[in-house]
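Per-entry structural report
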Amino acid sequence: MKKILLCVVLSVALFNSYAQITAGKTDTAWKKLYRVSHPAVNDLVHTKLVVNFNFDKARLNGKAWVTLQPHFYQTDSLTLDAKGMDIKTVAIVKGAATVPLAFTYDSLQLNITLDKTYKGGEKYTVYIEYTAKPDEITSTGSAAITEAKGLYFINPTGEDKNKPTQIWTQGETEANSVWMPTIDKPNQKTTQEIYMTVPAKYVTLSNGLLKSQVKNTDGSRTDYWKMDLPHAPYLFFMGVGDFAIVKDKYKTKEVNYYVEKKYESVARKIFGNTPEMMTFFSSKLGIDFPWAKYAQMVGRDYVSGAMENTTATLHQESAYQNARQLTDGNAWEETIAHELFHQWFGDLVTAESWSNLTVNESFANYSEYLWLEYKQGKDAADGHHYQDMQGYLLQPGNDKKNLVRFTYADKEDMFDGVSYNKGGRILNMLRNYVGDDAFFKSLNNYLTANKFKTGEADQLRLAFEEVTGQDLNWFWNQWYFGSGHPKLKIDYTYNDAAGIVKVFVEQTQKTDKVFRLPVFIDIYTGAAKKRNKVWIENKIDSFTFSYATRPDLINVDGDKMLLAEKTDNKTTENFIHQLKYAPNYLDRREALEYCSKKGLKELKLGLTDKFEGLRRFTIERLSRSKMADDAAVIAGIEDIANNDSDKKTKAAAIKYVAKLGDKKYLPLFTKFVGDSSYSVAGASLEGLEKLDSTKAYELAKKYSADAKGALGDVVNKTLVAYGKEADFEFIASRFNDSPLSQEKIAETNDFCNFLAKLTDSNKVKKGIDIVISFKNAIPAQYHDFTDPPIKQGLNKIANAKGEEIKAYISSQL
Ligand SMILES: [Zn+2]
């Protein structure tokens, strides 16, 4: 699963500290509770479902044939998860007949008394007739899954004319038992068949292959989906809706993209790298894509970022990007790789328990690195990975959590920056330590040994030990079963007379834990580099190297792969040498950061860096430096504005010169305001707005029908700033129609500023209604963070318009 929260930027830090405070205050008993793996009494073998949907009531009518067998010990009873259902029949299947069984049901679990005692491995099938009522479920979800209804009806009665009718499911962690009776635990695996009856106008998607479609006399159609290979219940999926199915292929297997029809023409641009990813991952792992097909669907109002249901991944609407957005790069590329890699790590071998979630999520996280490294180069991968590491480092409390955690308040808490981001960084260190060949052979070993079963961190260790012949307990104890990360202070003393340099590395983290870190220390003389492998393993280590002429740079962690915070007391000359000669993204980034902090002219060398991410980083740092107006700097920026082939970098440069407000850039802005990239067009419109606001306002109106991303922001600001009373309908409906997003919260302020300018109080009130209905549409768990800025906007209107409007706002809130 990939988490994408509505208000990531706004609320992550706040939300986490808030959650910790409230969790800490209310109940800490969980800290003493060891989370056992679910004991296997009965094991799932096969699940056959026959379902249809009651759209009016948002319910599912189901019949389930669940085949099981006692795991080892004999038993005469069976417990199934079945959340919030109406249970009509529970019976045992005897040939063609069924015999009713006694059961009790507490709305969460069915406790069934079997017809006899079954021996270990002796198969039996229970038959259950039920109604699932997901909208009547009250169990809470998590940050990753904002609700846990399992089965979601989107606009089921078609009341909302602007939204299609869809059904989709979200199982992880244990929510599929809302719509099917099962043992809803990750250490269960079952093959599956689903017969879904739907109105004939809709298409369906489920796990495995579509075996048949039968038209019924009542205008409905029954689709039969079959999955021959076993997988965990949380990976079951159903999707229903009016989708275009865009067909692709990997070898002989179907690779399909289910998108709303208006995205049909662009689906291949969004998802079209999937077959190449399948080839790449299959070859890296030495295990061909293991399932019968691979499909991806984009669902409306999806409650998480994306989910790796076996052969049937579901993405949230952010996956939808039009052709112009894609010219800035596919913002969903990493997520597509992430969910695909889960088909091996998660679906083929499944985390044995939620405590071990990292054997799913660290690999999915790391697959983003692998794909970027292959497709866009090592700098792009390192840049992405560095941001992920910041995501771990910046979240308070992450350094206190073990990667594998047998205690947690809620299983949903496992979906965090430790299981994902830190886990991915640890895999990168492991790869660096054992080497590429051993790393991928070990992954092959782990997948082969545990396929169609479950895995824990220890099984991963055994797989690596078998391949490398080394005892790796130290690595696992340190990184998987321990918490925190090293904080390193690095100092150098040179003795030119003796021709000796000492490198001191001190671990300054405020815990007793001392990390063992195998790293390279690279010693540079000019462009030549001598590599030394060392172990950092004490509170303070010192390493001595001799030299004929004093080195230009001593580069600790030469591959820049450590998960660590560093204070590296190199000289200015060292850093400048690092910028020019050290090869890695992070080498150059650290050096540029140093130049930025010290106000060094060498910062502008970053404008010609080979990696666009560092060119952008440099532009951003220069814009707030003392050198911002230097002629040489501006010449470099102008060159990028005119010629850079990377659109986001070009846009950053145009934005830079836009701030200068110089009339000489009018032709540049005019030339690029119609660019296919929203970023480039947006930056150009911003430039025009400063020089010719009338023209900018005209263009903003012209472009408003097709303005997303940066262009959307500038169009919105321009319309609101220069819009007149007569533009109310246009501006108000634009705001009203824009989807729920982080950006919209910022736009609310602009919209309120516009309303405060109007004289017609009916229009003002109508605008207030729109703002308040937006406020109410935001899911409740975000209100602590979204209410204050929205109320601030409303207050501005109240203050500008006086008592009548003030009273109106109070009455509506
Ligand atoms: Zn994931």
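Residues numbered from 1 in each chain as written. Predicted model: local features only at pLDDT ≥ 70, side-chain atom pairs only at ≥ 80, totals over all residues. Heavy atoms only, no water.

Description of the coordination of the zinc ion
For the zinc ion, the protein coordination sphere consists of Met 1 (N), Met 1 (O), His 338 (NE2), His 342 (NE2) and Glu 361 (OE), at 2.1 to 2.4 Å. For the zinc ion, all donor residues lie on one chain, and their spacing in sequence is M-x336-H-x3-H-x18-E. Here Met 1, found in the segment before helix H1 (8-26), pairs with Glu 361, found in helix H6 (residues 358-375); they are 360 residues apart in sequence, far enough to count as distant. Per residue, the accessibility class of Met 1 equals that of Glu 361, and both read buried. (Donors = N, O, S within 2.8 Å, 3.2 Å for Na, K, Ca; no water. Helix = DSSP H or I, 4+ residues; strand = E, 2+ residues; numbered from the N terminus. Buried < 20%, exposed > 50% of the residue type's maximum accessible area, 1.4 Å probe, protein only.)

Observations concerning the environment of Asn 42
Relative to the assigned elements, Asn 42 resides in strand E1 (residues 42-54). For the pair Asn 42 and Ser 77, spaced 35 residues apart in the sequence, the C-alpha separation amounts to 8.7 Å. Setting aside its immediate chain neighbours within four residues, Asn 42 contacts Leu 68, Gln 69, Pro 70, His 71, Thr 75, Ser 77, Leu 78, Tyr 124, Ile 183 and Gln 188. In this structure the side chain of Asn 42 is engaged in a polar contact, spanning 3.0 Å, whose partner is the backbone oxygen of Ser 77. (Contact = heavy atoms within 4.5 Å. Polar contact = N/O pair within 3.5 Å; in protein donor to acceptor, adjacent residues only side chain to side chain.)

Regarding helix H21 (residues 728-737)
Those residues of H21 that sit buried are Phe 728, Ile 731, Ala 732, Arg 734 and Phe 735. For H21, the arc enclosing every buried residue in end-on projection is 160°, short of the 170-degree limit, so these residues lie on one face. Buried residues along H21 sit against helix H20 (709-722), helix H22 (742-757) and helix H23 (761-777). (Arc of directions from axis to C-beta.)

Some words on the nonpolar core
In this structure, Phe 281, Trp 344 and Tyr 480 are the most contacted members of the largest nonpolar core, which totals 172 residues. Core analysis: the second largest hydrophobic core is formed by 65 residues, Met 85, Ile 112, Ala 312 and Tyr 420 among them. (Core = buried A, V, L, I, M, F, W, Y, C linked by side-chain atoms within 4.5 Å.)

Topic: the pairing of strand E24 (residues 500-507)
By the alternation rule, side chains of E24 split into Val 501, Val 503, Val 505 and Gln 507, which are all buried, and Ile 500, Lys 502, Phe 504 and Glu 506, of which none is buried. Pairing of strand E23 (residues 487-495) with E24, which is carried by eight bridges, proceeds in the antiparallel orientation. Across the sheet, the residue bridging to Tyr 492 is Val 503, located in E24. The turn joining E23 and E24, which pair antiparallel and follow one another in sequence, is formed by four residues; a positive phi near 65° is taken by Gly 499. Here E24 runs beside strand E27 (residues 540-546); their pairing, made up of seven bridges, is antiparallel. Bridging from a neighbouring strand, Val 501 pairs with Phe 545 of E27. (Pairing = 2+ DSSP bridges.)

A short note on the packing of helix H8 (residues 418-434) against helix H9 (residues 436-450)
Orientation of H8 relative to H9, taken along the N-to-C sense of each, is 120°, at an axis distance of 6 Å. Taken together, the axis directions place H8 and H9 in an arrangement best described as oblique. Residues Leu 427, Leu 430, Arg 431 and Val 434 of H8 touch H9, and the partners they reach there are Asp 436, Ala 438, Phe 439 and Phe 440. Broken down by class, the residue content of the contact of H8 with H9 amounts to six nonpolar, no polar and two charged. (Axes fitted to C-alpha atoms, helices over the stretch in contact; angles between N-to-C directions. Parallel < 35°, antiparallel > 145°, perpendicular 65-115°, else oblique. Nonpolar A, V, L, I, M, F, W, Y, C, P; charged D, E, K, R; others polar.)

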